[in-house]
Every structure is written in structure tokens, then in C-alpha cells.
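What follows is each chain in one-letter form.
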Amino acid sequence: MSALLIDGNALSQHMRVDFAARTQSLVAQGIHPGLAVILVGDNPASQVYVRNKVKACEQVGIHSVLEKHPDDLTQAALLARVDALNHDPRIHGILVQLPLPKHIDAQKVIEAIAPSKDVDGFHVASAGALMTGLPAYWPCTPHGCMKMLESIGYPLQGKHAVVIGRSNIVGKPMALMLLQQNATVTICHSATVDLKHHCLQADVIVAAVGRRNVLTADMVKPGAVVIDVGMNRDDAGKLCGDVDFEAVKQVAGYITPVPGGVGPMTITMLLANTLDSAQQSLSAKT
Ligand code: GUN
């Protein structure tokens, strides 16, 4: 049997039609939603990611500003830019693309972003709010994964979810979001003993390691839902995820492809957060 695909492109396009209407409605009320994207250096992958983010803004009518800075930008100069954007009323979301050059303390830069404009959801205030169930901007990638689960009407209550990876950007917030939906959550990582044993118990597996073939078919319970957050290249240079897609799709019930799965959903949730922030600023005005 072959798993059903959860198509991140199709779901994104569907959601973005609604976002275009929301943008128009905000513009009609005097607020043009705006996102500032800061790129430091010339990391090729980051260049592609920020270009896709700016293109997605254009698609739904969100105003976007892409600031490209040289690799040797000082931390003080970057903090000054963030501060200026914090005070810019045309900007509702600020995204500093990671990774940053080594001489810059990324956490310090993230903490400089006003939580009200933290559309990446990386600020410690956003992370703390997610942990305690308070409203905040949720990190876009795990939030996109949750939307994909929602799109197939998957009831998480009482299900066993295994998250492979414990990054602040994906693994940890993913686990918290699944927990909030009453799943029983296991977080696996590089020191986990017998990853296969844990995965075989799972109704839902989220693979977020950043390495090919972390999840193979022998590790998946028949019918499980498999979400692939990875973005890697195979030996031929072709994009692939963390999951051995061709083999795992013979076992899983649902699976997300790479490309065309979580990637577009990450950007879609960035748009959602930016619109929510613009909406908040409108509510604050009235
Ligand atoms: N680098 C890789 N993914 C992301 C992301 O979602 N946000 C930012 N700011 N940087 C990233």
C-alpha cells in the first residue's frame, strides 16, 4: 500500500488565497501589512529562502523589505537595524535569517526583536508563551506541520508522536504543539538509544534532524503519519528530506514530500504571523 501525500504546496496555495483577502481587508482599514527580512552574508541556501519569503509576500500583497548586508556587518550595526525596524510603523514582522556569521551572537539579535514583531517565534518571550499556552507567534515550521496534520483531520488526542530532533526552531516547539493537542510525545535526539524502537511505537513521526535517511521503512509502524522537515541533497544533488521517502511511503498512512511539503508551509505560516501582527496593530489603534 502507498501512503497518501500531504501536499504542502496545495495547502499553502489554498491558505494564501485567504491571506490575500485578509491583506486587502487590512489595507482597506489603513494598515498595509509589512515584513522586513534581514540577510547577513551570502549563504546560498539562505539567499534562496529569503527570496522565497519575499516572493510569497508579493503573492498575497504583503509589503516586504529585504535588507541584504555584507558578511562583515558588525553585531552593533545589526542590532541598530533591528531597533529601527522595531520602531517602524510600516513593519509588522521582523525576520533575521539564520544562520548569522560567527562573530554575531544570534540569540542576542533574536532577543532584540520586539516580541510583538517576532513573526519567527524565536524570541524567548514567544518560546515561553508557547510553553505556558499563552498567545504568541509560533515558530513557522512546526506550526506548518500542525496545519498539515489538521488538513487531514488527524485527531492527535491520545496518539503517540515521536519528534526526531530537539532544535529550538523545530524539535522543541513541535513537541510542545503536539502536547497541547493532547498527544503523548517522545523527543528523540543524537543521544537516544534505539531510535527505531521509539519510532515503531509512533502514530505520528516528525523527522527534523537535517540528515538523509534518518527514518527508514523498518522504523515505521504501518499506517503512521510521517512529516519530513528535512531539507538535504542526495548524491545526485537532488533535494531530499530526512526520510527515505520511496520506501517509507509503502508503509506509512500519510507522508509529506520534499520538496513540496513542510517547506512551503513554513513560509505560509510566516505570512500568517505577519498578518496577525498587522491585525494586532490595527486593534491597538482602534
Ligand atoms: N533559517 C532556517 N530556517 C529559518 C527560519 O524559519 N527563520 C529564520 N529566521 N532563519 C531560518
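Scroll up to find the structure this text is about.
Caption draft 1: Structural view of the packing of aromatic side chains. Applying the stated criterion to the full structure yields zero aromatic pairs. Its end group placed over the ring of Tyr154, Lys159 keeps NZ or CZ at 5.4 Å from the ring centre.

Caption draft 2: Spatial organisation of the sheet that holds strand β4 (residues 93–96). One open sheet accounts for three strands, arranged β3-β2-β4; its pairing is parallel. Only two strands of the sheet have a single neighbouring strand rather than two, namely β3 (63–69) and β4. Going from strand to strand, the sheet's axes swing by 15° on average, the running direction of each strand aside. Judged from the seven bridges that link them, strand β2 (residues 34–40) and β3 form a sheet pairing that is parallel. Bridge pairing links Val37 to Leu66 in β3. On top of the sheet, helix α2 (residues 44–60) reaches β2, β3 and β4; it is set at about 170° to β2, its chief contact.

Caption draft 3: Representation of the sheet that holds strand β8 (residues 225–228). Reading across the sheet, the six strands line up as β1-β11-β8-β7-β5-β6 and stay open at both edges, with parallel pairing between neighbours. The open sheet has two free edges, formed respectively by β1 (4–5) and β6 (184–188), since each of these has just one partner strand. As defined by bridge partners, strand β7 (residues 204–207) adjoins β8 across four bridges and the pair is classed as parallel. The residue bridging Val206 from the neighbouring strand is Ile227, located in β8. The sheet contacts of helix α7 (residues 171–180) involve β5 (160–164), β6 and β7, and relative to β5 the element is tilted by about 170°.

Caption draft 4: Representation of the side chain of Ser12 within the structure. Secondary-structure assignment places Ser12 in helix α1 (residues 8–28). Taking the relative accessible area as the measure of exposure, Ser12 reaches 1% and is therefore buried. Within the structure, Ser12 has its side chain in polar contact with the backbone oxygen of Gly8 (distance 2.9 Å). Reaching out from Ser12, the side chain makes a polar contact with the backbone oxygen of Pro264 at a distance of 3.3 Å. Once residues within four sequence positions are removed from consideration, Ser12 is found in contact with Pro264, Met265 and Thr268.

Caption draft 5: Quick peek at a nonpolar patch on the surface. Where nonpolar side chains cluster on the molecular surface, the patch consists of Val48, Tyr49 and Met231 and spans about 230 Å² of accessible area. Along the chain, Val48 falls in helix α2. The class for Val48 is partly exposed, based on a relative accessible area of 37%.

Caption draft 6: Representation of the site of the ligand within the structure. For the ligand, the full set of nearby residues is Lys53, Leu95, Val96, Gln97, Leu98, Asp120 and Phe122. In the environment of the ligand, a nitrogen atom lies 2.9 Å from a nitrogen or oxygen atom belonging to the backbone of Leu98. Within the contact set of the ligand, a nitrogen atom lies 2.6 Å away from a side-chain nitrogen or oxygen of Asp120. Looking at the shell around the ligand residue by residue, the classes come out as four nonpolar, one polar and two charged.

Caption draft 7: Spotlight on the environment of Gly121. Within the secondary structure, Gly121 is located in the loop between α4 (106–112) and α5 (124–132). In the structure, Gly121 is positioned 67 residues away from Val54 in sequence and 18 Å away in space, judged by C-alpha atoms. Apart from residues no more than four positions distant in its own chain, Gly121 is found in contact with Ser126, Ala127, Tyr137, Trp138 and Pro139.

Caption draft 8: Highlighting the pattern of salt bridges. On inspection of all chains with the given rule, the structure shows eight salt bridges. Residue Arg81 is joined to Glu67 by a salt bridge in which the shortest nitrogen-to-oxygen separation is 2.5 Å. Of this pair, Arg81 sits in helix α3 (residues 75–86) while Glu67 sits in strand β3; the two residues are 14 residues apart in sequence, bridging distant segments of the chain. A salt bridge links Asp88 to Arg90; the shortest N-O distance between them is 3.0 Å. Residue classification places Asp88 among the buried positions, given a relative accessible area of 13%.

Caption draft 9: Molecular detail of unusual backbone geometry. A cis amide bond links Leu98 to the next residue, Pro99, at an omega of 0°. Looking at the secondary structure, you find Pro99 in the loop between β4 and α4. Looking along the chain, the bond that leaves Val258 and enters Pro259 is cis, with omega of 0°. Following the sequence through the fold, Pro259 ends up in the loop between β11 (254–255) and α10 (262–285). With a phi angle near 65°, Asp194 is a residue other than glycine that sits in the positive phi range. Relative to the assigned elements, Asp194 resides in the loop between β6 and α8 (195–200). Here Asp194 falls in the partly exposed class, since its relative accessible area comes to 46%. Positive phi, normally seen in glycine, also occurs at Asn213, with a value near 55°. Taking relative accessible area as the criterion, Asn213 reaches 41% and is therefore assigned partly exposed.

Conventions and cut-offs
Residues numbered from 1 in each chain as written. Predicted model: local features only at pLDDT ≥ 70, side-chain atom pairs only at ≥ 80, totals over all residues. Heavy atoms only, no water. Phe/Tyr/Trp six-rings, centres within 6.5 Å; stacked < 30°, edge-to-face > 60°. Lys NZ or Arg CZ within 6 Å of the ring centre and 35° of its normal. Pairing = 2+ DSSP bridges. Helix = DSSP H or I, 4+ residues; strand = E, 2+ residues; numbered from the N terminus. Axes fitted to C-alpha atoms, helices over the stretch in contact; angles between N-to-C directions. Contact = heavy atoms within 4.5 Å. Buried < 20%, exposed > 50% of the residue type's maximum accessible area, 1.4 Å probe, protein only. Polar contact = N/O pair within 3.5 Å; in protein donor to acceptor, adjacent residues only side chain to side chain. Patch = residues over 30% accessible without salt bridge, like charges linked within 9 Å, V, L, I, M, F, W, Y side chains within 5 Å. Areas by Shrake-Rupley, 256 points an atom, 1.4 Å probe, with all protein chains shown as cover. Salt bridge = Lys/Arg side-chain N within 4 Å of Asp/Glu carboxyl O. Near = heavy atom within 4 Å. Nonpolar A, V, L, I, M, F, W, Y, C, P; charged D, E, K, R; others polar.

These results come straight from atomic positions and should not be treated as a statement about function.
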